[in-house]
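One letter stands for each residue in the lines below.
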Amino acid sequence: MIYHSFISSCVLILQLLALMVQPGIGAKVPAVIVFGDSSVDAGNNDYIPTIGRSNFDPYGKDFEGGKATGRFCNGRLSTDFICEAFGIKSAIPAYLDPAYSIKDFATGVTFASAGTGLDNATADVIHVIPFWKELEYFKEYKQKLIKYMGYSKATRRLREAVYILSIGTNDFLENYYTVPGGRSSQFTVDEYQKFLIGITENFVWDIYKLGARKIALTSLTAFGCLPLERATNIMQKHACREDYNQVARDFNTKLIALIDKLGKEAKGVQIVYSNVYDSLADAIAKPNLYGFENVDAGCCGSGKFELGLLCHFAEIFLCKDADKYIFWDSIHYSERMNRIVADYAMMYTFNRFL
Ligand SMILES: *[C@@H]1O[C@H](CO)[C@@H](O)[C@H](O)[C@H]1NC(C)=O
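Described in the following lines is the structure provided in the data block. Model, not experiment: these values are computed from the prediction.

1. Some details on the pattern of salt bridges
- Within the structure shown, the criterion is met by 15 salt bridges.
- For the salt bridge of Lys-261 with Glu-265, the shortest nitrogen-to-oxygen distance reads 3.9 Å. On the criterion of helical spacing, the pair formed by Lys-261 and Glu-265 is a turn pair, its members being four residues apart in helix α11 (residues 242–265).
- We classify Lys-261 as partly exposed; its relative accessible area is 35%.
- In this structure Glu-265 comes out as partly exposed when scored by relative accessible area, which is 42%.
- Close ionic contact of Asp-282 with Lys-286 constitutes a salt bridge, the shortest N to O distance being 2.6 Å.
- Taking the relative accessible area as the measure of exposure, Asp-282 reaches 23% and is therefore partly exposed.
- Looking at Lys-286, the relative accessible area reads 29%, which means it is partly exposed.
- Each member of the salt-bridge network shares a partner with another, and the members are Asp-190, Lys-194 and Lys-254.

In structure tokens:
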């Protein structure tokens, strides 16, 4: 009991601190620029031919206007909340969405694509935007921004913007452990992690050369605890797959080492590690503290297997209150969990950029 009230007080104090920090933020971070997978895709996949989509009910039911934007969530993503916390705007639009223009993208944009990975081969699995193409879009964006704002304002905007990379889970779950005769026959897990870290390193140098200076690399989450992985972990009575969580932790250790290295090598860069592994592990370990009642199944359908169209077909089995669930579908967080991830990231990571 004492322990519990101690934690509650801490949470309260942190929330008060967050409120105090918020007002002055807007000026320093003028834009949030996002790369990655479904954790941060706001609907780019709506505009490419792929099955990796979510622009239909019940996705977006708690989004503004109940709109299914293509976010793999009932509402907003963690990056939307982070952008809002910087005092910029409440949601980050998808680069390929024709409803938005460079005027909107100048304060925030996501190039992310659900189902993609660092490895080119991962994007091929369900035909989504490969990671290298996200960088090409960013180069195009830079040119548009220069045309829109002028060279000196645009380069200043790019220098002061915060860049977020959230990617990598699909390289393991959709690719390495799934495609027979693929990466797992070419690389050990350790080698594959190094391969992916090498791609991340090149990417950071690429955006750095294009003007980025405030960069956050997101950890892998505890992907052994995703409902889909638990559902298939029959041998261990649907517990989290510890072997997968270990893979995530090993990857994260390498990612932290890369961040330390780049922080020293890239002059004038502020590069930080955004730890989403711990926010998920903590929510699963102490759901009551966060007001969650369900930690091992998503809100849609049975919660164990459904995502994308299967959620749509199982709509009559939708849970009543997604806020009580860590997961929205069998892979993706609920909006409430995304908010917790964002609060945690603002508190421990993004405060460095203020
Ligand atoms: C991925 O594909 C792009 C485009 O073909 C290529 O330029 C890049 O070198 C590839 N990346 C890796 C790591 O093989």
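From this point on, the discussion continues.
2. What to know about the sheet that holds strand β4 (residues 214–218)
- If you trace the five strands from one edge of the open sheet to the other, you get β2-β1-β3-β4-β5, paired in parallel fashion. For this open sheet the edge positions go to β2 (108–110) and β5 (270–274), each flanked by a neighbour on one side alone. Neighbour-to-neighbour, the strand axes of the sheet open up by a mean angle of 15°, direction not taken into account.
- Pairing between strand β1 (residues 32–36) and strand β3 (residues 162–166): five bridges, direction parallel. Among the inter-strand pairings, Val-34 is bridged to a residue of β3, identified as Ile-164.

3. Details of the pairing of strand β6 (residues 294–298)
- Extensive coverage of β6 is indicated by the burial of four of its five residues.
- Here β6 runs beside strand β7 (residues 325–327); their pairing, made up of two bridges, is parallel. Paired with Gly-298 across the two strands is Phe-327, which belongs to β7.

4. Focus on the packing of aromatic side chains
- Scanning all chains against the criterion turns up 34 aromatic pairs.
- Taken together, a centroid distance of 5.6 Å and an interplanar angle of 85° make the contact between Phe-172 and Tyr-192 edge-to-face. Of the two residues, Phe-172 sits in helix α7 (residues 169–176) while Tyr-192 sits in helix α9 (residues 189–209), which places them 20 residues apart along the sequence.
- You can call Phe-172 buried: its relative accessible area is 0%.
- Residue classification places Tyr-192 among the buried residues on the basis of a relative accessible area of 0%.
- Note on Phe-327 and Tyr-333: the rings are 5.8 Å apart at their centroids and 55° apart in plane angle, and the pair reads as tilted.
- Tyr-333 gets classed as buried once you look at its relative accessible area, which sits at 12%.
- An aromatic cluster of three or more residues is present, and its members are Phe-35, Tyr-95, Tyr-100, Phe-105, Phe-111, Phe-131, Tyr-137, Phe-138, Tyr-141, Tyr-163 and Phe-203.
- Residue placement shows Arg-241 over the ring face of Tyr-244; its charged tip is 4.0 Å from the ring centre.

Conventions and cut-offs
Residues numbered from 1 in each chain as written. Predicted model: local features only at pLDDT ≥ 70, side-chain atom pairs only at ≥ 80, totals over all residues. Heavy atoms only, no water. Salt bridge = Lys/Arg side-chain N within 4 Å of Asp/Glu carboxyl O. Helix = DSSP H or I, 4+ residues; strand = E, 2+ residues; numbered from the N terminus. Buried < 20%, exposed > 50% of the residue type's maximum accessible area, 1.4 Å probe, protein only. Pairing = 2+ DSSP bridges. Axes fitted to C-alpha atoms, helices over the stretch in contact; angles between N-to-C directions. Phe/Tyr/Trp six-rings, centres within 6.5 Å; stacked < 30°, edge-to-face > 60°. Lys NZ or Arg CZ within 6 Å of the ring centre and 35° of its normal.

Interpretation in functional terms is not warranted from these geometric data alone.
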